[in-house]
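Structure at a glance
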Amino acid sequence: MAENQIDSLIQLLAKLPGLGPRSARRAVLHLMKRRESLLIPLTKALEDAAENLTTCSTCGNIDTRDPCGVCTNPKRNDALICVVEDVADLWALEKTPAFRGRFHILGGTLSALDGIGPEDLNIAGLLKRAREDVVQEVIVATNATVDGQTTAHYIAERLNDCNVKVSGLAHGVPIGGELDYLDEGTLSAALKARHTF
Amino acid sequence: MEWSDQAIVLSARKHGETSAIVTLMTNTYGVHAGLVRGGAGKRKRGDLQPGNRVEAHWRGRLAEHLGSYVCEVHEAHAALLMDEPDALACLSAALATCESALPEREPHPSIFAGLGILLASLEGEDWPSVYVKWELGLLGELGFGLDFSCCASTGVTENLIYVSPKSGRAVSAEAGKIYKNKMLKLPPFLLREGVSGEPGEIVDGLVLTGYFLERHVFGHLRSKSLPAARHRLLERLRRNI
């Protein structure tokens, strides 16, 4: 019985991104050796998360409360909304102090082949928020992929009658990037978006 | 078994954590999918953007296996179109139409050549006309070519302004007068080589090719309809008139 429970734990952990059966087994062994200091707190944290996690009805973020911490933070700039594809993108942007506005999570991108249309994304919610008087600018921060940019242009078009400035992220050379190592596409985009000194 | 060929990336779907299943339109082998190891990783993801022209090397134990690709970028079309909403919509429509309409592993070198010309034209001004003509070529290649040589009813070669939705043949203004509500419009730029269409004519052209693509090609597929990207392109161009 105990073996089955351990096997089942290994199988579940092996489903996590970045872990395979071998690394899951190592993780389980590690947890078993540190039962008091790691396994029990982890179990409790997982239980708490499973019980309390919810999707924010305003922006689509995942948090333990609704509206989420980003939406209720009074120090954030209400005039700016940054539109991202996924929660992971929100977390990535949160790492930089450069943006302190609100977020809006679309939940994916338009994709003809996967059958994802505008009605499958959280675009209606964005339009509703953009029509609020306080909002002045919507930054469309979708990925620099064909699907991401197609979605960005679609959103920009839908926001036309919302009386807000619509902007997008720049594409080009990353900080610390050496031209020699950049792919052709990034270099082409960087050259196209060159600026005058 | 292995081969190398010129190809255009139609789509790339993540497979596992770092790999991708990439569908290419190749010159010799038609629409052909394969696994790219590391294709979803940071280094290769940009190379496998839809619309990029690549030199593909395919390897598999048997010809019918999925096999794996090694791709080297020749032209990164996708990156140049990121800020061009209309051209990007055209790119998405062409690639989705190509992937959905063509059977896998059946060579269609003329469609590949046409797609290459279309991609090259996307940085210019004439791409809407090129796109409509490419769809006409696609219909022809699949065996449903439209005939604009003379009027289906009277045989005259002048004043051809309609296309019969039944036969796919041109109809003159005189002969089509009484059926004009049922006829599809034949834009003049489709009758002459090297001529670009006006925005209204482009929309008529897309309606024309869309009708026959839906009837002969997509109607028999599971989707039953043109790809959503193709619908969005038509809507976008309609708004631009």
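Every value quoted in this text rests on a predicted model; they were computed, and no experiment measured them.

Rules used in this analysis
Residues numbered from 1 in each chain as written. Chains lettered and ligands numbered in written order. Predicted model: local features only at pLDDT ≥ 70, side-chain atom pairs only at ≥ 80, totals over all residues. Heavy atoms only, no water. Contact = heavy atoms within 4.5 Å. Buried area = accessible area lost by both parts, 1.4 Å probe. Salt bridge = Lys/Arg side-chain N within 4 Å of Asp/Glu carboxyl O. Helix = DSSP H or I, 4+ residues; strand = E, 2+ residues; numbered from the N terminus. Nonpolar A, V, L, I, M, F, W, Y, C, P; charged D, E, K, R; others polar. Domains from an automatic or database assignment. Polar contact = N/O pair within 3.5 Å; in protein donor to acceptor, adjacent residues only side chain to side chain. Patch = residues over 30% accessible without salt bridge, like charges linked within 9 Å, V, L, I, M, F, W, Y side chains within 5 Å. Areas by Shrake-Rupley, 256 points an atom, 1.4 Å probe, with all protein chains shown as cover. Lys, Arg positive; Asp, Glu negative; His and termini not counted. Charge placed at Lys NZ, Arg CZ, Asp CG, Glu CD. Buried < 20%, exposed > 50% of the residue type's maximum accessible area, 1.4 Å probe, protein only. Phe/Tyr/Trp six-rings, centres within 6.5 Å; stacked < 30°, edge-to-face > 60°. Pairing = 2+ DSSP bridges. Axes fitted to C-alpha atoms, helices over the stretch in contact; angles between N-to-C directions.

Brief notes about the interface of chain B and chain A
Listed per partner, the contact involves 27 residues of chain B and 24 residues of chain A. Buried surface at the junction of chain B and chain A, both sides included, amounts to about 2000 Å², of which 56% is carbon and sulfur. At the junction of chain B with chain A, the criterion picks out three salt bridges. The partner of Arg239(B) in a salt bridge is Glu157(A), and the shortest N-O contact between them spans 2.1 Å. Elements represented by at least two residues in the side of chain B that touches chain A include exactly strand E1 (2–15), strand E5 (68–75), helix H2 (77–80), helix H3 (85–101) and helix H8 (228–240) of chain B. Here the element with the most residues in the side of chain B that touches chain A is H3(B); it accounts for seven residues. Looking at the side of chain B that touches chain A residue by residue, the classes come out as twelve nonpolar, five polar and ten charged.

Considerations on the domain arrangement of chain B
By a frequent convention, interface size equals the accessible area lost on bringing the separate parts together. Residues and elements named next belong to chain B. If you check the domain split of chain B, you get domain 1 (2–79) and domain 2 (81–148 + 186–238). Domain 1 and domain 2 are separated by 23 Å when their C-alpha centres are compared. Contact residues are listed per partner, giving 28 residues for domain 1 and 21 residues for domain 2. Roughly 1900 Å² of surface becomes buried between domain 1 and domain 2 when both sides are summed, with 62% attributable to carbon and sulfur atoms. Of all residues in domain 1, Met25, Val31 and His77 give up the largest surface area on contact with domain 2, accounting jointly for 31% of the area buried on that side. In this structure, the connection of domain 1 to domain 2 is made through one salt bridge. Where Glu99 meets Arg13, a salt bridge forms, and the shortest distance between an N and an O atom there is 3.9 Å. For the pair domain 1 and domain 2, the number of links is ten residue pairs in polar contact (both at pLDDT 80 or more).

Thoughts on a positive patch on the surface
A cluster of basic residues, Lys95(A), Lys14(B), Lys42(B) and Arg45(B), forms a positive patch at the surface. Residue position: Lys95(A) is located in the loop between helix H5 (87–94) and strand E4 (101–105). Lys95(A) sits in the exposed class, given a relative accessible area of 71%.

A few points about the domain arrangement of chain A
By the assigned domains, chain A splits into domain 1 (2–52) and domain 2 (62–168). Averaged C-alpha coordinates put domain 1 of chain A and domain 2 of chain A at centres separated by 34 Å.

Here's the deal with the pattern of salt bridges
Counted according to the given criterion, the structure contains twelve salt bridges over all chains. When the shortest N-O distance is used, the salt bridge between Glu84(B) and Lys192(A) registers 3.4 Å. Of this pair, Glu84(B) sits in the loop between H2 and H3 while Lys192(A) is found in helix H8 (residues 184–192), placing the two residues in two different chains. Of the residues examined, Lys192(A) reaches a relative accessible area of 40% and is grouped as partly exposed. Ionic contacts of the salt-bridge type, sharing partners, join the residues Glu157(A), Asp86(B), Arg236(B) and Arg239(B) into one network.

Observations regarding the packing of aromatic side chains
All names here are of chain B. What the rule picks out here adds up to six aromatic pairs over all chains. With a centroid separation of 5.7 Å and an interplanar angle of 20 degrees, the aromatic rings of Trp3 and Trp58 are classed as stacked. Of this pair, Trp3 sits in strand E1 while Trp58 is found in strand E4 (residues 53–59), placing the two residues 55 residues apart along the sequence. The exposure class of Trp3 is buried, given its relative accessible area of 7%. The exposure class assigned to Trp58 is buried, which follows from its relative accessible area of 1%. Where Trp3 meets Tyr69, the ring centres are 6.0 Å apart and the plane angle is 75 degrees; that geometry is what we call edge-to-face. Linking Trp3 in strand E1 with Tyr69 in strand E5, this pair joins segments that are 66 residues apart in sequence. Exposure class is identical for Trp3 and Tyr69. Each is buried. Aromatic ring contacts, followed pair by pair, group Trp3, Tyr29, Trp58 and Tyr69 into a single cluster.

Re the sheet that holds strand E6 (residues 160–163) of chain B
All names here are of chain B. One open sheet holds the three strands; their spatial order is E7-E6-E8, and the pairing between them is antiparallel. The strands lining the two open edges of the sheet, one partner per strand, are strand E7 (170–172) and strand E8 (184–185). In this sheet, E8 lies alongside E6 in antiparallel orientation, the contact comprising two bridges. Directly across from Val163, in E8, lies its bridge partner Leu184.

Regarding the sheet that holds strand E3 (residues 77–84) of chain A
Residues and elements named next belong to chain A. On the basis of which strands lie adjacent, the open sheet formed by four strands has the order E4-E3-E5-E6 and parallel pairing. In the strand order of this sheet, the two ends are held by E4 and strand E6 (165–168), each with one partner. For this sheet, the mean inter-axis angle between neighbouring strands, taken without regard to orientation, is 25 degrees. Here four bridges tie E3 to strand E5 (residues 137–140), and the two strands are oriented parallel to one another. Paired with Ile81 across the strands is Val138, a residue of E5. Contacting E3 and E4, H5 runs over the sheet at an angle of about 160 degrees to E4. Lying on the sheet, helix H6 (residues 123–130) is in contact with E3, E4 and E5; it crosses E4 at an angle near 155 degrees.

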